[in-house]
Amino acid sequence: NDRFLEMYGLRRADIRKGMTSAELIEIRRRNGSIPIDAEGYLALAHGSGSQTFELSDGRRILVRASRLPNGSVVLSHQDCTAQHQLAQQLATTTQFLESVVDNIPVCVAVKSIDDGRYILANKAFEEFSRMPREQIIGAVAEDLFSPASAAAIREADRAAQAAPSGQTRQPVAVERGAERRVLESIRVVARRGDGRPEFLVALFKDVTEDNALALELENTKKFL
């Protein structure tokens, strides 16, 4: 069709009935519009499936091959250069944000409101929980903590969702193995554009030692 001719800089007179794929590829090779992977393109033209090819001018073309019942093949061509550039920008932005979150010194965890599963955990959270990120992502509190600790976490989550501001700050006690740790936590509900809650962001810091020092100082003052 006209879009195919325009995409590859061809004239209708360049393509004659009965021309083979190899002959068409040779014409496109001469005008520089053949994919870098010409052999892969030719194999796709005789089969089925889809593949993205890069042209010599940097454009990326998605080619889909569909085999018809009579054995012939229909190829569709779509210029996906803009989508590819956007995907690269998104990947770069995502990598940057993950790097920033990973280097925040307090624990950061993000959960899905729907099922309470962790969808993000930073390095500080890994170090506190003594669990690898692969074990945390996709899990719920009950998978990672004792029943009592999971119940405390769930209650703190519910309090944040019920708060008019969608944000709470409160201590949460959790068990880490045989230890009991006290966490100072801030929970924030992240909402969609239409106002519906989508994520729960939790930032917390282990203040067990801080609390112990404060208690020791208070006891010393009482003694004095």
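It should be noted that the structure appears before, not after, this text.
Rules used throughout
Residues numbered from 1 in each chain as written. Predicted model: local features only at pLDDT ≥ 70, side-chain atom pairs only at ≥ 80, totals over all residues. Heavy atoms only, no water. Salt bridge = Lys/Arg side-chain N within 4 Å of Asp/Glu carboxyl O. Helix = DSSP H or I, 4+ residues; strand = E, 2+ residues; numbered from the N terminus. Buried < 20%, exposed > 50% of the residue type's maximum accessible area, 1.4 Å probe, protein only. Phe/Tyr/Trp six-rings, centres within 6.5 Å; stacked < 30°, edge-to-face > 60°. Lys NZ or Arg CZ within 6 Å of the ring centre and 35° of its normal. Pairing = 2+ DSSP bridges. Axes fitted to C-alpha atoms, helices over the stretch in contact; angles between N-to-C directions.

Participant: Would you explain the pattern of salt bridges in this entry?
Facilitator: Counted under the stated rule, the structure contains 23 salt bridges. Here Glu 6 ties to Arg 3 by a salt bridge, and the two come within 3.6 Å at their closest N and O atoms. With Glu 6 and Arg 3 both in helix α1 (residues 2–8) and three residues apart, the pair spans about one turn of that helix. Among the residues examined, Arg 3 registers a relative accessible area of 37% and is labelled partly exposed.

Participant: For this particular structure, what's the right way to read the packing of aromatic side chains?
Facilitator: Given two aromatic rings, their pairing is described by the distance between the two centres and the angle made by the two planes. Within the structure shown, the criterion is met by four aromatic pairs. Note on Phe 4 and Tyr 8: the rings are 5.0 Å apart at their centroids and 75 degrees apart in plane angle, and the pair reads as edge-to-face. Here Phe 4 pairs with Tyr 8, and both are found in helix α1, just four residues apart, close to one helical turn. For Phe 4, a relative accessible area of 15% translates into the label buried. Pairing Phe 125 with Phe 204 gives two aromatic rings, centres 5.3 Å apart and planes at 85 degrees, and the pair type is edge-to-face. Here Phe 125 is found in helix α5 (residues 123–129), whereas its partner Phe 204 is found in strand β8 (residues 197–206), with 79 residues between them in sequence. Like Phe 125, the residue Phe 204 is buried in the burial classification. Every member of this aromatic cluster is reached through a ring pair, and the members are Tyr 118, Phe 125, Phe 128 and Phe 204. Residue placement shows Arg 28 over the ring face of Tyr 8; its charged tip is 3.6 Å from the ring centre.

Participant: Hey, could you run me through the sheet that holds strand β3 (residues 73–79) in this one?
Facilitator: Sheet strands pair by backbone hydrogen bonding; their relative direction is either parallel or antiparallel. In space, the three strands of this open sheet follow the order β1-β2-β3, with antiparallel pairing throughout. Two strands lie at the open edges of the sheet, namely β1 (49–54) and β3, each paired on one side alone. Pairs of neighbouring strands in the sheet enclose a mean axial angle of 20 degrees, with direction left out of account. Where β1 meets strand β2 (residues 60–67), six bridges bridge the pair, whose relative direction is antiparallel. Among the inter-strand pairings, Gln 51 is bridged to a residue of β2, identified as Val 63.

Participant: What is the right way to read the sheet that holds β8 from this model?
Facilitator: Across the sheet, five strands lie side by side as β5-β4-β8-β7-β6; this open sheet has antiparallel pairing. If you trace the sheet from one side to the other, it starts and ends with β5 (118–121) and β6 (167–176), each paired once. Sheet twist, expressed as the average angle between the axes of neighbouring strands with direction ignored, equals 25 degrees. When strand β7 (residues 179–191) meets β8, the two strands line up antiparallel, connected through nine bridges. Within β8, the position partnered with Leu 183 by the bridge is Asp 206.

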